[in-house]
Amino acid sequence: MKTDENYKGQDDTKELVDVIGYFGPWQRRIFFITFISLVAHCWHVLAMLFLAPNVDHWCQRPTRYSNISTDQWKALAIPRVQSKNGSDIYSSCLMYTNFTSHMEEENSTTTCTSWEYDNSYYTSTIIDEWDLVCENDWLPSMSTSVYMGGFMASVFISGQLSDRYGRRPVILVGGIIFLVSGFACAFSTSFLMFTILRFLVAFGASGTVLTVIILLLEVVGPDYRTILGICYQFGWALGYTILPGVAFLVKKWRHFQLIISVPWILLCSIWWFLPESPRWLLSQGKVELAEREIRNAARLNGKTVSNWQVIMSQLVAKEKQEEEMKRNRQATFLDLLKTPNMRKKSLNNFLFWFVNAFTYYGLSLHTNDMGGNPLITFFIAGSLEFPANIIAFILIKYVGRRISLMVMMVTAGIACLLTVPVPDNLLWLRITLAMTGKLCIASSFSVIYIYSAELFPTVVRNIGLGSCSMSARIGSMIAPFVKELGKATSKEIPLGIFGGLSIISGLLVIQLPETNKLPIPDTLAEGEEIGKGRVSIKSTN
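Since we're looking at a predicted model, the values are computed, not measured. (Residues numbered from 1 in each chain as written. Predicted model: local features only at pLDDT ≥ 70, side-chain atom pairs only at ≥ 80, totals over all residues. Heavy atoms only, no water.)

1. Quick notes on helix α7 (residues 167-185)
Side chains three or four residues apart in an α-helix point the same way, a direct result of the helix having 3.6 residues per turn. Here α7 is 19 residues long and its end C-alpha atoms lie 27 Å apart, about the 27 Å a rise of 1.5 Å per residue gives. All of the buried residues along α7 are R167, R168, V170, I171, G174, G175, F178, L179, S181, G182 and C185. Buried residues along α7 sit against α2 (25-45), α6 (139-165), α8 (191-218), α11 (253-261), α12 (263-269) and α13 (278-283). (Helix = DSSP H or I, 4+ residues; strand = E, 2+ residues; numbered from the N terminus. Expected span 1.5 Å × (residues − 1). Buried < 20%, exposed > 50% of the residue type's maximum accessible area, 1.4 Å probe, protein only. Contact = heavy atoms within 4.5 Å.)

2. Comments concerning unusual backbone geometry
With a phi angle near 50°, D131 is a residue other than glycine that sits in the positive phi range. Within the secondary structure layout, D131 lies in the loop between α5 (126-130) and α6. For D131, a relative accessible area of 26% puts it in the partly exposed group. Here C134, not a glycine, exhibits a phi torsion of approximately 55°, which is positive.

3. Some thoughts on the confidence of the model for the protein chain
Low-confidence regions, as indicated by low pLDDT, have predicted coordinates that should not be scrutinised in detail. Across the protein chain, the average pLDDT comes to 82, with 90% of residues at 70 or higher. Looking across the protein chain, the model is least confident in helix α15 (residues 308-328), with a mean pLDDT of 70, and most confident in α11, with 94. Below a pLDDT of 50 lies the segment residues 7-11, which in the model reaches 17 contacts outside its immediate sequence neighbourhood of four places, other chains included. Throughout residues 534-541 the model reports pLDDT below 50, and contacts reaching past four residues in sequence, or to other chains, amount to eleven contacts. (pLDDT = per-residue confidence, 0-100.)

4. A look at the environment of L258
Inspection of the secondary structure puts L258 in helix α11. According to the relative accessible area criterion, L258 is partly exposed, its value standing at 23%. Apart from the residues lying within four places of it in its own chain, the contact partners of L258 are F183, A186 and F187.

Here's what the structure looks like:
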């Protein structure tokens with residue numbers, strides 16, 4: 001890894017980080033904001049498990065029966081039905097038409113028009129607030145899918161806006177959109193209002209998070225990008241493990257929504273300490289502002305710099321050269337599909353991202369339905385994020401990208417499939433296997449970010465990664481509905497689907513080349529040659 005040295009403005013200016021330092025206090029400030037934003041973002045992505053948990057419910061009794069106990073009411077008016085695991089339970093959606101009679105021929109059933117809920121644990125949820133049960137029990141999954149849709153919309157819009165207006169304005173506007181909609185969501189008067197506000201929460205939060213990540217990667221040395229790409233994900237892992245503790249302490253959904261929105265007040269307040277990207281300022285010809293940011297960064301990082309006029313002229317010339325190169329080598333999405341080898345790599349990458357997101361969010365949102373204490377199961381799933389990121393870093397460094405991705409995805413798939421035949425009396429084994437799948441798919445998600453960036457040539461890298469991100473967002477939007485499929489069929493079906501797709505896509509990784517320690521392709525022609533067994537690309541290192 002490179003070490004920082006005092007910079008005096010030599011004629012061989014290479015990178016901005018040669019002047020300001022590769023990773024010092026100035027960059028650590030940005031990393032801290034990135035870390036905190038991922039903690040807060042995670043809370044809202046996964047919040048629906050606690051806003052809309054599994055709550056036992058049954059038909060509401062008439063007022064004249066309010067003096068009898070719940071058990072007496074169920075025995076009197078609620079028919080018993082067979083659950084999917086074969087046990088005999090009280091119906092959640094039916095009641096006897098004439099529950100004063102026990103004559104079988106007179107006891108036809110009717111659907112409930114109102115419900116009572118078991119509030120022994122959760123004092124209030126959106127389930128009992130708006131009766132999201134029986135024929136409406138799919139609506140929470142729809143709301144989660146809409147949230148993921150807000151994330152997808154933000155990917156397109158925030159990226160374009162940050163390139164046009166800068167990183168700081170987009171980060172601030174996204175934070176304000178989130179803050180307002182996040183707090184307003186706690187005061188929703190209808191499920192429709194709640195869903196719309198959740199869309200805006202996702203739109204604002206993801207715009208802020210994605211842009212601050214871009215800012216971070218723009219201002220650190222190249223040797224730090226891989227490790228920071230893993231390290232900032234520990235913010236997500238921390239948020240994941242803290243969230244069930246918040247749910248344990250806060251039992252009312254409106255209070256819970258307010259609590260998980262509070263960190264964004266901190267993010268909006270420390271925005272004033274967030275610098276603009278010097279690279280963006282240079283690309284826009286704002287040399288004076290860029291120089292001010294660069295001088296401040298060098299000062300905070302303890303870099304002694306002389307001859308600023310020479311340095312700035314060199315950096316401006318380099319940025320103009322790079323912008324000119326970008327304009328001369330413009331590419332489109334179709335370039336990913338024109339040639340056979342590039343088409344194979346692109347389509348496989350789209351599939352990997354779709355399956356990773358589909359399986360990751362499917363398992364994360366499925367913890368309420370695995371059995372056992374949902375808070376403990378969720379905490380275990382979150383805790384696995386830490387070793388998953390560590391494993392990903394070790395595999396990327398010592399094993400390579402291709403084998404690491406294949407092993408993680410196939411292992412995740414096998415673990416999920418093995419849960420299918422596990423009987424209900426071995427609940428611990430089912431949860432262990434499901435969590436093994438969660439660990440492996442989280443690790444593969446970290447690997448795939450780096451692997452895909454190295455597979456796509458420079459001229460189509462942004463387009464390629466953007467298309468992969470779109471595939472992932474589609475997967476995350478579909479994932480909540482797999483839970484509904486499990487309700488309609490069998491609880492083993494979701495894990496079977498996650499497992500099958502993970503194995504298939506994992507085995508397809510073998511078609512792709514290894515990129516570890518290879519020079520990254522710049523042109524489409526070089527990208528086409530990678531994986532054909534005759535790589536002749538000059539190293540750019």
